[in-house]
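# Structure assessment
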Amino acid sequence: MTGETGHELRGDYSRMRPDYTVDQDWEGYSPAQHELWRRLYRRQMALVPRYASDEFCDTLATLNFGEGIPRFDAINRMLRPASNWQLVAVPGLVPDLVFFDHLANRRFPVTVWLREPGEFDYIVEPDVFHDFFGHVPMLFNPVFADYMQAYGRGGIKAHALGAIEMLARLYWYTVEFGLIETPRGLRTYGAGILSSGGEIGYCVESPEPNRIGFDLLRIMRTQYKIDTFQETYFVIRDFEQLFEATAPDFTRYYEQLRGKEPYPAAAVLATDKVYNRGSGVRTSSSA
Ligand code: PHE
Ligand code: CO
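What you see is a predicted model; the values in this text were computed from it and never measured.

Basis of the calculations
Residues numbered from 1 in each chain as written. Chains lettered and ligands numbered in written order. Predicted model: local features only at pLDDT ≥ 70, side-chain atom pairs only at ≥ 80, totals over all residues. Heavy atoms only, no water. Salt bridge = Lys/Arg side-chain N within 4 Å of Asp/Glu carboxyl O. Buried < 20%, exposed > 50% of the residue type's maximum accessible area, 1.4 Å probe, protein only. Helix = DSSP H or I, 4+ residues; strand = E, 2+ residues; numbered from the N terminus. Pairing = 2+ DSSP bridges. Axes fitted to C-alpha atoms, helices over the stretch in contact; angles between N-to-C directions. Near = heavy atom within 4 Å. Polar contact = N/O pair within 3.5 Å; in protein donor to acceptor, adjacent residues only side chain to side chain. Areas by Shrake-Rupley, 256 points an atom, 1.4 Å probe, with all protein chains shown as cover. Contact = heavy atoms within 4.5 Å. Core = buried A, V, L, I, M, F, W, Y, C linked by side-chain atoms within 4.5 Å. Parallel < 35°, antiparallel > 145°, perpendicular 65-115°, else oblique. Nonpolar A, V, L, I, M, F, W, Y, C, P; charged D, E, K, R; others polar. Phe/Tyr/Trp six-rings, centres within 6.5 Å; stacked < 30°, edge-to-face > 60°.

### With respect to the pattern of salt bridges
Under the definition given, this model contains 15 salt bridges. Of the charged contacts in the structure, one is a salt bridge between Arg-107 and Asp-101, with a shortest N-O distance of 3.6 Å. Classification of Asp-101 by relative accessible area gives partly exposed; the value is 36%. A salt bridge links Asp-272 to Arg-218; the shortest N-O distance between them is 2.8 Å. Here the residue Asp-272 occupies a position in the segment after helix H12 (251–257), and Arg-218 occupies one in helix H10 (residues 216–220), the gap between them amounting to 54 residues. Among the residues examined, Arg-218 registers a relative accessible area of 4% and is labelled buried.

The following block contains the structure:
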């Protein structure tokens, strides 16, 4: 099994079902792995109150993620009544269409393997800590949960239209690396940030990256970096904004964007709404 970039994936894909799901095999995790999970959890818990969105913090407080690697079936019993989503265990990254089909059916694929101790700060592929800590709390939020399903349906369509690259940028800049305005300043709801010890403070406090108001077509035209902290974050006002902006049929957006040069990850355009660092206050222009 190889990933989109062609490198060998590290999960065990030998025992999966046709939809790429496996059993979690919770009994198979070692005490050392549960201990590593607890260390990862403690580090993020110390940062989350300052940097994560209320929606994320409120849910996390009601879940018992800190004891060790969670049992997916125990979480599913809480998730079903909350938002009608279910977690399914997968060996690692799955092909685009498989992923979209799960999301379109309100199933979130969670990788079963945990990083090695030497990867405490950085992993190349998403592991169970990223998938679980970063994504699962947001699935309890009703508006965000509907957005994720709509994204899955949109993915199936984008695949048919040859527009996955454009749609993937939207996932990247919202689900993985999104920021949200709050009365207490900018916060994050993006799983790639929420599970990261370094980027969670960086995305809110560093003077380096651009923070730009959410703009759907702009995002679908913007490249991103997969091996460094992001050079640009996009800021939503609330999840309703995200849900409503993405509700229209994207077919004509793809047509509009097709063949246009993408913007580099660090670009700032005259039309961007640029935010001051961490303040949530918007300046009139970028200049
Ligand atoms: N409305 C989009 C389409 O028609 C689907 C979508 C919804 C995509 C939400 C992303 C997020 O393709
Ligand atoms: Co992720």
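### As for the sheet that holds strand E4 (residues 185–188)
In space, the four strands of this open sheet follow the order E4-E3-E6-E5, with mixed pairing throughout. With one partner strand each, in any of the chains shown, E4 and strand E5 (210–213) form the two edges of the open sheet. With direction set aside, neighbouring strand axes in the sheet form an average angle of 40°. Two strands pair when backbone bridges link them, and strand E3 (residues 179–182) and E4 are joined in this way by four bridges, in the antiparallel orientation. Bridge assignment links Leu-179 to a residue of E4, and that residue is Thr-188.

### Examining the site of ligand 1
Around ligand 1 lies a shell formed by Tyr-147, Ala-150, Tyr-151, Gly-154, Lys-157, Leu-167, Leu-170, Thr-246, Ala-247, Pro-248, Asp-249 and Phe-250. The side chain of Lys-157 places a nitrogen or oxygen atom 2.5 Å from an oxygen atom of ligand 1. Interatomic distance of 3.4 Å between a backbone N/O atom of Ala-247 and a nitrogen atom of ligand 1. Protein contacts shield 94% of the accessible area of ligand 1, which totals 330 Å² for the unbound molecule. Per element, the largest residue contribution to the shell around ligand 1 is five residues, and it comes from helix H6 (residues 142–160).

### Describing the environment of Phe-234
Here Phe-234 lies in strand E6 (residues 232–236). Beyond its immediate chain neighbours, meaning those up to four positions away, Phe-234 contacts Tyr-173, Gly-178, Leu-179, Ile-212, Gly-213, Phe-214, Arg-218, Ile-219 and Thr-222.

### Overview of the nonpolar core
Grouped together as the largest cluster of nonpolar side chains are 87 residues, with contacts concentrated most on Leu-87, Phe-108, Phe-132, Met-148, Leu-170 and Met-220. Of the residues forming this core, the biggest block, eight residues, is contributed by helix H7 (residues 164–176). Those residues in contact with Met-220 that sit more than four places away from it in its chain are Met-166, Leu-167, Arg-169, Leu-170, Phe-250, Tyr-253, Tyr-254 and Leu-257.

### Thoughts on unusual backbone geometry
With phi around 70°, Tyr-20 is a residue other than glycine that occupies positive phi space. By secondary structure assignment, the location of Tyr-20 is in the segment before helix H1 (31–51). Positive phi values are uncommon outside glycine, yet Asp-25 reaches one of about 55°. Owing to a relative accessible area of 51%, Asp-25 belongs among the exposed residues under this scheme.

### Re the packing of helix H2 (residues 54–62) against helix H5 (residues 128–139)
Between H2 and H5, the shortest axis-to-axis distance is 8 Å and the interhelical angle comes to 95°. When the axes of H2 and H5 are compared, the pair comes out roughly perpendicular. Residues Glu-55, Phe-56, Thr-59 and Leu-60 of H2 touch H5, and the partners they reach there are Phe-133, Gly-134, Pro-137 and Met-138. In terms of residue class, the contact of H2 with H5 is made up of five nonpolar, two polar and one charged.

### Description of the packing of aromatic side chains
All told, the structure shown has 22 aromatic pairs when counted by the stated rule. Ring centres of Phe-99 and Tyr-171 lie 5.8 Å apart, and the angle between their planes is 80°; on these two criteria the pair is classed as edge-to-face. With Phe-99 in helix H4 (residues 96–104) and Tyr-171 in helix H7, this pair connects stretches of sequence that are 72 residues apart. Among the residues examined, Phe-99 registers a relative accessible area of 18% and is labelled buried.

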